[in-house]
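Observations on the model geometry
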Amino acid sequence: MNALLYVLVALTWGSSFFFAKIGLDGLAPQQVATVRTVLGAVTLVVVLLVTRRRWPREPRVWGHLLVVAVFLNAVPSSLMAWAEQTVPSGLASIYNATTPIMTLLALAVLVPSERLSRRQVGGIVLGIVGVLVLVGPWDVLGDPEVLASVPGQVALLGMTASYGIGLAWLRRFGVGGGSDPTTVATVQLTLAAVLMLLVAPVVATGAVQLDWRIVGAMVALGAVGTGLAYAWNTRLVGAWGAGRASTVTYLTPVVGVALGVLVLGEPLRWNEPVGGLVVLAGIALASGLLGGRRRHPAAAAASGAGVAARR
């Protein structure tokens, strides 16, 4: 059963960028971001009610989760949808793998006790090299299409940086320490949904063109990818531990690239999978998976960041 959940989480989160790309065929970027967040929040609220979990009562928890909702949901989902107007979904899924690197950097700033070791610094540097390979600066000036995608690629780095800040904030303030992860995620997504609905009349404007394909993609992205998958992952972490469960981070880019190339017919430059592998190698080095040494707490948090940050 746990192996099945692992596969489901990998497929669901790996396909998030694919479904967002389809959603953009009939919705504006901010509409995609708002709909997915609202559907995810509603789904988790239902899970919370069915399982009879209690909402946190401490104002401090709600205050900190409001900050987390901004950085783990509202900002990154908006940047992701905007970026995918020009960036292929497969490439976007590869960029998402930089989340653990960003989390290590954010932890070093927000959590003074989490000092970076030489191994972690080496992993971060290797990850930065991987990002440079992903961008392919040798193609930027010679290919107008690649040049046009650079702002979107920068936005995707902003997305993962936002994830890193949100995760570091959770660790810095120990938010929701007395609540289970599903409850914390429900509060977080609910607050994000409220925020995005408040600004929707101003930023989520534009014509809406719906068909079964777009509706299905948004339900999959919101209710399943942003909602149910978190509950599945929570159960998986409980059964396997955070370290083992976090290895799903290494599979999601594979799923994302495969769907983009095989279903959407997106082009794949040689440097994109190569850069993705270099990024993953950097994550493995920083988290202690290479070399077999015991992992530092910050590295352990970063290695699971790709899991915790999902949507």
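These figures come from a predicted structure and were not determined experimentally.

Rules behind the numbers
- Residues numbered from 1 in each chain as written.
- Predicted model: local features only at pLDDT ≥ 70, side-chain atom pairs only at ≥ 80, totals over all residues.
- Heavy atoms only, no water.
- Helix = DSSP H or I, 4+ residues; strand = E, 2+ residues; numbered from the N terminus.
- Rg over C-alpha atoms; globule rule 2.2 N^0.38 Å.
- Buried < 20%, exposed > 50% of the residue type's maximum accessible area, 1.4 Å probe, protein only.
- Contact = heavy atoms within 4.5 Å.
- Areas by Shrake-Rupley, 256 points an atom, 1.4 Å probe, with all protein chains shown as cover.
- pLDDT = per-residue confidence, 0-100.
- Phe/Tyr/Trp six-rings, centres within 6.5 Å; stacked < 30°, edge-to-face > 60°.

**Regarding the overall build of the chain**
Along the chain, the regular secondary structure elements total 16 helices and 0 strands. Here the C-alpha atoms of the chain give a radius of gyration of 18 Å, agreeing with the 19 Å that 2.2 N^0.38 yields for 311 residues. Counting only C-alpha atoms and orienting by the principal axes, one finds that the chain spans roughly 55 × 50 × 40 Å. Looking at the chain residue by residue over its 311 residues, the buried ones come to 52%. Residue pairs at least 24 apart in sequence account for 90% of intrachain contacts in the chain once pairs closer than 6 positions are excluded. Total accessible area computed for the chain in this model is approximately 13,500 Å², and 69% of it derives from carbon and sulfur atoms.

**Overview of the confidence of the model for the chain**
Mean pLDDT for the chain: 87, with 90% of residues reaching 70 or above. Least confident of the elements in the chain is helix 16 (residues 305-308), whose mean pLDDT is 47; most confident is helix 2 (residues 16-23), at 96. In the model, residues 303-308 has pLDDT below 50 throughout and makes 21 contacts with residues more than four positions away in sequence or in other chains.

**Regarding the packing of aromatic side chains**
In total, this model carries 2 aromatic pairs according to the counting rule given. With 6.1 Å between their ring centres and 25° between their planes, W55 and W62 make a pair best called stacked.

**Quick look at helix 13 (residues 252-262)**
T252, P253, V255, G256, V257 and G260 are the residues of helix 13 that are buried. Each element contacted by the buried residues of helix 13 is listed here: helix 1 (2-14) and helix 5 (89-95).

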